[in-house]
Amino acid sequence: MVFFNQWGKFMMAGAGYMARWEIDNAKAIMGSSKLRMLLGLMLIPVILGGIAFADDIAPILPDLLGGKKSYSPAFYSFGIFMVSIAIGIGAGLITGCIGAGGGFIIAPALMSAGIKGILAVGTDLFHIFAKAIMGSVIHRKMGNVSVPLAVVFLIGAILGATAGGIINRVLYEINPVLSDAFITTVYSLMLGFLGSYAMMDFLKARKAGKGGSAHGGGEGGDLGALSKSLQGINFPPMVKFDHDLVPGGRQISWVFLVLSGALVGLAAGIMGVGGGFLTFPIFVYVLGVSSMTTVGTDIFQIVFTAGFASISQYAIYGFIFYTLAMGMLLGSLLGIQIGALVTKVVPGITIRGFYAMAVLAGFVNRIFALPGKLGEMGYIPISPSMGRILDSIGIWAFFVVIGGFSVWVIGTFIVNIKNLKVEEAR
């Protein structure tokens, strides 16, 4: 039970940090006229191709661009672009309002919309890379990057991302259904654990009468016993950091950085996430890196990890979809802005409850999709009709919860526009 609580706090801290990174990035992009113009230029191919020529282009698209033959029904069309915007808005509302990474729901949502798991993963990675490279160009926190720490960490991250991409591609070559089943299983385990802990945490806080903050969560500034032990192991070369905070700085063996990077890269390569939800708690709680150094270094690693994984492991093999990526980017930027404003007029305890429900909805979505896929491969005795029924239940449960939450947040935003304007003016 102690391990469950500690690991739950670990993941919640990571999810909370990832949300703050997303919010900062969205504000940086939407607050810059140059970056808004760049976003508009990036959308021109989608608008021209998706609206004007979709019907003519879809049948002749090469497979690597998401041709109908390879990735049906995720072919180039205006309809799938609108679906991706809606998914991006939902994820953005969760990130901005709840203060936890809404990116967890993107891959399950895309798979529920009929998109193959490996394409959902690759596209989500590319969307994260686009957002990171745009937001980080002017991000002031980039000044806190520890270059030695980041470089050694990235060695492991690149190895891990490569392994994750290879695993997904090999499984897809063996059987596309097996690939979907594997990605579904990984998401089921992660969302099931995180959702259970978040719901227990919410019920405990409500029972104790604690409101809490929507974007709460400590950052673990002090060294714990584990961090002290790891930093005390002298296995050269030693990487030094935090010179500005501690006389003489701190140091840790390169081995632990490479192993941490490999874990983050593996998660990024398999799940289609930037890895920030793991990097922050690993750096702060395990390796003993200060929060300030962690923030800048993590922004740096997300750009390279997501960029390397999305391009080298997915894009060149045809497993990203530009239309979807741009739709999710546009939707998430809008959703994050609205969600972040709503936190000013909604009690923190309410938002924490919605977060638990959203994560559990993602878990139900993936766990109900799994029997049909396993039955299709002959691993369990289940009829195709029963598999489709369970899958439909999971899809409906997921979109009802996420859709209901989105309607509630947007409605709350519209009703409180006047109050929010007064709050912003202060």
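One can find the structure itself at the top, above this paragraph.
Residues numbered from 1 in each chain as written. Predicted model: local features only at pLDDT ≥ 70, side-chain atom pairs only at ≥ 80, totals over all residues. Heavy atoms only, no water.

A.B. asks: Explain a nonpolar patch on the surface here, please?
C.D. replies: Taken together, Met-37, Leu-38, Leu-41 and Ile-44 make up a surface patch of nonpolar side chains, about 380 Å² in accessible area. Checked against the element boundaries, Ile-44 lands in helix α2 (residues 33–52). (Patch = residues over 30% accessible without salt bridge, like charges linked within 9 Å, V, L, I, M, F, W, Y side chains within 5 Å. Areas by Shrake-Rupley, 256 points an atom, 1.4 Å probe, with all protein chains shown as cover. Salt bridge = Lys/Arg side-chain N within 4 Å of Asp/Glu carboxyl O. Helix = DSSP H or I, 4+ residues; strand = E, 2+ residues; numbered from the N terminus.)

A.B. asks: What exactly am I supposed to notice about the packing of helix α8 (residues 147–174) against helix α9 (residues 176–208) here?
C.D. replies: Each packed pair of helices is defined by two parameters, the angle between the axes and the distance between the axes. One can describe the packing of α8 onto α9 by two numbers: an axis separation of 5 Å at closest approach and a directional angle of 140°. One way to sum up the angle between α8 and α9 is to call them oblique. When α8 is examined against α9, the residues Ile-167, Asn-168, Leu-171, Tyr-172 and Ile-174 are found in contact with a partner set consisting of Pro-176, Leu-178, Ser-179, Phe-182 and Ile-183. The class makeup of the residues in the contact of α8 with α9 is eight nonpolar, two polar and no charged. (Axes fitted to C-alpha atoms, helices over the stretch in contact; angles between N-to-C directions. Parallel < 35°, antiparallel > 145°, perpendicular 65-115°, else oblique. Contact = heavy atoms within 4.5 Å. Nonpolar A, V, L, I, M, F, W, Y, C, P; charged D, E, K, R; others polar.)

A.B. asks: How should I be thinking about α9 in this particular structure?
C.D. replies: Quick reminder: α-helices carry 3.6 residues per turn. Residues three or four places apart thus point the same way. Over its 33 residues, α9 extends 47 Å from the first C-alpha to the last, a length consistent with the 48 Å expected when each residue adds 1.5 Å. For α9, the N-terminal capping position is held by Asn-175, with its side-chain oxygen 2.9 Å away from the main-chain nitrogen of Val-177. (Expected span 1.5 Å × (residues − 1). Polar contact = N/O pair within 3.5 Å; in protein donor to acceptor, adjacent residues only side chain to side chain.)

A.B. asks: Where do I start with unusual backbone geometry in this structure?
C.D. replies: Most peptide bonds take the trans form, and the phi angle of most residues other than glycine is negative. With omega at 0°, the peptide bond leading from Pro-236 into Pro-237 counts as cis. Among the secondary structure elements, Pro-237 is positioned in the loop between α10 (225–231) and β1 (238–241).

A.B. asks: Can you walk me through the pattern of salt bridges in this structure?
C.D. replies: Where charged atoms from two side chains of opposite charge come close, those side chains can pair. On inspection of all chains with the given rule, the structure shows one salt bridge. Residue Asp-180 is joined to Lys-373 by a salt bridge in which the shortest nitrogen-to-oxygen separation is 3.7 Å. Of the two residues, Asp-180 is situated in helix α9 and Lys-373 in helix α15 (residues 348–376); the sequence distance between them amounts to 193 residues. Both residues of the pair, Asp-180 and Lys-373, count as buried. (Buried < 20%, exposed > 50% of the residue type's maximum accessible area, 1.4 Å probe, protein only.)

A.B. asks: Quick question: what am I supposed to make of the nonpolar core here?
C.D. replies: Nonpolar side chains in soluble globular proteins tend to be buried together. Core analysis: the largest hydrophobic core is formed by 79 residues, its most contacted members being Leu-110, Met-134, Tyr-187, Tyr-314, Met-326, Leu-329 and Val-409. With 11 residues, helix α7 (residues 117–136) is the single largest residue contributor to this core. Residues in contact with Val-409, not counting those within four places in the same chain, are Leu-93, Cys-97, Ile-338, Gly-339 and Val-342. Core analysis: the next-biggest nonpolar cluster, separate from the first, contains 19 residues, Val-152, Ala-157, Leu-230 and Ile-252 among them. (Core = buried A, V, L, I, M, F, W, Y, C linked by side-chain atoms within 4.5 Å.)

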